[in-house]
Amino acid sequence: LTAASLAAFVGSVSWESAALDSIDTLKNPLDEDALASLVTLLKDSSVRSICGLSEGQTSAEFSNQKLGPMDCKMVAAEIEFGGRMASLMKLTLGSNPIGRYRSSHLGALGAAVSASGIVKLSQADCQLTAAGLSAFVGSVSWESAALDWMDILKNPIGEDALASLVTLLKDS
């Protein structure tokens, strides 16, 4: 799925009468503009999930899917969109290489998690570095976040980043 084929698909559907309520756009070569267009075009449609979630789903398991930065942004966009992720309490992103890229997608995810009902988040074995963890942690509004459990095992964050995280969490 490319940005052009996505635009053609979205433009060809009569959304007022469509019964389609969930699509899975993960692992497609979309850029930031295509994602923004997708969210805008689907906002008033019957589609409630761009990550393939079902009605009432309380847990999303995205482990070992080779998700990248844009996939992380798609998950964040869906959380903000308030679709099916609105009922999520547990989000598992483990064993995806989302930490080895620039950190803006992790900041977007942290901001989205802040405003959600997600209580448990796994980013285990995601190649999170100190910079990636800092981008995520720094973007979470800890005062309002429901998040009370995080799994960040098997990430090369280093002792200094871990100490900073422990201090931050003690104070929140």
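Here we summarise the structure given alongside this text. (Residues numbered from 1 in each chain as written. Predicted model: local features only at pLDDT ≥ 70, side-chain atom pairs only at ≥ 80, totals over all residues. Heavy atoms only, no water.)

### Let's talk about the overall build of the protein
Looking only at helices and strands, the protein features 6 helices and 4 strands. Shown N-terminal to C-terminal, the secondary structure of the protein runs as helices and strands in the order α-α-β-α-β-α-β-α-β-α. At 16 Å, the protein has a C-alpha radius of gyration in line with the 16 Å of a compact globule built from 172 residues. Seen through its C-alpha atoms, the protein measures out along the principal axes to roughly 55 × 25 × 25 Å. (Helix = DSSP H or I, 4+ residues; strand = E, 2+ residues; numbered from the N terminus. Rg over C-alpha atoms; globule rule 2.2 N^0.38 Å.)

### Overview of the nonpolar core
One broad trend across soluble globular proteins is that nonpolar side chains are buried collectively. F62, L91 and L109 are the most contacted members of the largest nonpolar core, which totals 46 residues. Elements that contribute at least two residues to this core include exactly α1 (3-12), α2 (32-42), α3 (69-81), α4 (104-114), α5 (130-139) and α6 (158-171). (Core = buried A, V, L, I, M, F, W, Y, C linked by side-chain atoms within 4.5 Å. Buried < 20%, exposed > 50% of the residue type's maximum accessible area, 1.4 Å probe, protein only.)

### Observations concerning the packing of aromatic side chains
Describing an aromatic ring pair means giving the distance of the ring centres and the angle of the ring planes. Counted by the stated rule, this structure contains 0 aromatic pairs. Here the guanidinium or amino end of K120 rests over the ring plane of W149, the centre of that ring lying 5.6 Å away. (Phe/Tyr/Trp six-rings, centres within 6.5 Å; stacked < 30°, edge-to-face > 60°. Lys NZ or Arg CZ within 6 Å of the ring centre and 35° of its normal.)

### Considering unusual backbone geometry
In the Ramachandran plot, K27 falls in the positive-phi region, its phi being about 65° despite a non-glycine side chain. Along the chain, the position of K27 falls in the loop between α1 and α2. Residue S95 is not a glycine yet carries a positive backbone phi of 60°. In this structure, S95 sits in the loop between β2 (90-92) and α4.

### Focus: the sheet that holds strand β3 (residues 120-122)
Strand order in the open sheet formed by 4 strands is β1-β2-β3-β4, with parallel pairing between adjacent strands. This sheet does not close on itself; its edge strands, each paired only once, are β1 (59-61) and β4 (149-151). When strand polarity is set aside, the average angle formed by the axes of neighbouring strands in this sheet is 5°. Sheet analysis places β3 next to β4, joined by 3 bridges and oriented parallel. Following the sheet pairing, L121 is matched in β4 by M150. (Pairing = 2+ DSSP bridges. Axes fitted to C-alpha atoms, helices over the stretch in contact; angles between N-to-C directions.)

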